[in-house]
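Architecture at a glance
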Amino acid sequence: MPIRNHVLAAVSPADYARLVPQLTQATLTFGDILYEPGDRIRYVYFPDDALVSLLTVVDRHLALEVGMVGREGMVGLARALGVVTSPMRALVQGGGTAWRMSAMAFHKSLGQNASLQNAVNAYTHFLLMQVAQTAACNRFHDVPARLARWLLMTRDRLNADQFRLTHEFLGHMLGVRRVGVTTAASELRRQNLIEYQRGHIVILDRPGLEKAACSCYHALKWSAK
């Protein structure tokens with residue numbers, strides 16, 4: 001069976017064979033919270049076809065997405081840096097499967113597995129770029145362009161043109177109120193780029209959505225391939 005997660009796929013065959021006994025397949029369900037800020041990281045996850053949002057929580061209830069993790073990466077990256085608690089909320093945005101590994105086994109393997117360390121280092125660099133680009137995007141680009149970018153990034157990772165989303169969820173992703181989500185979605189719908197009703201979005205015109213998206217989409221496109 002081909003390895004779909006890019007971090008695991010970058011590990012040498014010999015090193016991967018040593019990891020296999022420590023990996024178990026987990027089913028991640030939409031809306032599941034893998035960690036809250038301050039939670040001890042007991043497991044790390046390597047998504048296959050699931051999608052996890054990384055959110056910064058402010059004042060205990062306000063949340064803003066700063067990154068997303070699909071098959072290109074891993075959840076629980078702080079553990080690679082020797083940090084045992086999560087700095088962010090990890091929320092399952094797209095249900096699917098992932099490979100799960102105990103955080104202790106992962107940390108131990110990093111010291112014994114050079115190709116795993118190299119793969120994790122490469123992904124760490126990309127995730128830092130994603131967080132920085134997302135911060136700039138939230139500050140400088142308008143909401144419809146950000147929504148188009150976010151929908152494309154989600155589509156690339158889920159490999160699907162339709163997925164489940166609520167106004168509340170999109171508000172967290174984009175850092176805007178419900179009315180802002182409604183206005184942005186209505187603008188994209190007016191251009192016949194998407195359909196959006198009852199918590200579901202369908203992408204009708206991907207090329208058109210790419211034209212409507214901000215430049216950050218192309219800056220962050222590496223991880224979806």
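Scroll up to find the structure this text is about.
Computed from a predicted model, the values in this text were never measured in an experiment.

**A short note on the overall build of the protein**
Looking only at helices and strands, one finds nine helices and ten strands in the protein. Here the protein has a C-alpha radius of gyration of 17 Å; the compact-globule value for 225 residues is 17 Å, and the two agree. C-alpha extents for the protein along the principal axes are approximately 55 × 40 × 30 Å. Across the protein, 25 positive and 17 negative side-chain charges occur, with their mean positions spaced 3 Å apart.

**Here's the deal with the sheet that holds strand β1 (residues 24-28)**
Strands sit in the order β1-β7-β3 across an open sheet of three strands; the sheet is antiparallel. Each edge of the open sheet carries a strand with a single partner, namely β1 and β3 (43-47). The sheet shows a mean angle of 40° between the axes of neighbouring strands, direction not considered. Judged from the five bridges that link them, β3 and strand β7 (residues 96-102) form a sheet pairing that is antiparallel. Across the sheet, Y45 pairs through a bridge with R100, a residue of β7. Of the strands in this sheet, β3 and β7 are in contact with helix α3 (residues 103-112), which crosses β7 at around 70°.

**Some details on the packing of helix α5 (residues 143-158) against helix α7 (residues 178-190)**
Look at α5 against α7: their axes get within 9 Å of each other, and the N-to-C directions meet at 75°. Considering their axes alone, α5 and α7 lie roughly perpendicular with respect to each other. Mapping the contact onto sequence places V143, P144, L147, A148 and L151 in α5 and G180, A184, A185, E187 and L188 in α7. The residue inventory of the contact of α5 with α7, partitioned by class, reads eight nonpolar, one polar and one charged.

**Comments concerning the pattern of salt bridges**
Applying the stated rule across the entire model yields eight salt bridges. Put simply, R4 and D48 hold a salt bridge, and the shortest N to O gap is 3.9 Å. Of this pair, R4 sits in the segment before α1 (6-9) while D48 sits in the loop between β3 and β4 (51-58); the two residues are 44 residues apart in sequence, bridging distant segments of the chain. When its relative accessible area of 6% is taken as the criterion, D48 is described as buried.

**Structural notes on the sheet that holds strand β6 (residues 89-94)**
Pairing within the open sheet is antiparallel, and its four strands lie in the order β2-β6-β4-β5. Looking along the sheet, the strands with just one partner apiece sit at the ends: β2 (33-35) and β5 (62-69). If you compare each strand with its neighbour and ignore which way they point, the axes differ by 35° on average. In the sheet, β4 pairs with β5 via seven bridges, with the strands oriented antiparallel. Its bridge partner lying in β5, L54 is registered against G67. Contacts from helix α4 (residues 114-140) reach β4 and β5, with the element oriented near 140° to β5. Running over the sheet, helix α6 (residues 167-174) touches β4, β5 and β6 and is turned about 80° from β5.

Rules used throughout
- Residue positions are counted from 1 within each chain, in the order its sequence is given.
- Totals for whole chains, interfaces and linings use all residues, but because this is a predicted model, local features are given only for residues with pLDDT of at least 70 and pairs of side-chain atoms are given and counted only at 80 or more.
- No hydrogens and no water enter the side-chain calculation; it runs on all heavy atoms of the structure.
- Secondary structure counts use DSSP, requiring at least four H or I residues in a row for a helix and at least two E residues in a row for a strand, with both numbered from the N terminus.
- Atoms counted for the radius of gyration: C-alpha only. Globule rule: 2.2 Å times residue count to the power 0.38.
- None of His or the chain ends enter the tally, which takes Lys and Arg as positive and Asp and Glu as negative.
- Charge positions are represented by NZ for Lys, CZ for Arg, CG for Asp and CD for Glu.
- The pairing criterion is simple: DSSP has to find at least two bridges between the two strands.
- An axis is simply a line fitted to the C-alpha atoms; with a helix, the fit covers only the stretch in contact. Between two such axes, the angle follows the N-to-C directions and lies from 0 to 180 degrees.
- Every residue pair with non-hydrogen atoms within 4.5 Å of one another is taken to be in contact.
- Oblique is the label for every angle not falling under 35 degrees (roughly parallel), over 145 degrees (roughly antiparallel), or within 65 to 115 degrees (roughly perpendicular).
- Residues are sorted three ways: Asp, Glu, Lys and Arg are charged, Ala, Val, Leu, Ile, Met, Phe, Trp, Tyr, Cys and Pro are nonpolar, and all the rest, Gly among them, are polar.
- Put simply, a salt bridge is a Lys or Arg side-chain nitrogen that is within 4 Å of an Asp or Glu carboxyl oxygen.
- Exposure categories follow from relative accessible area, calculated using a 1.4 Å probe and restricted to protein chains: below 20% of the type maximum is buried, above 50% is exposed, and the middle band is partly exposed.

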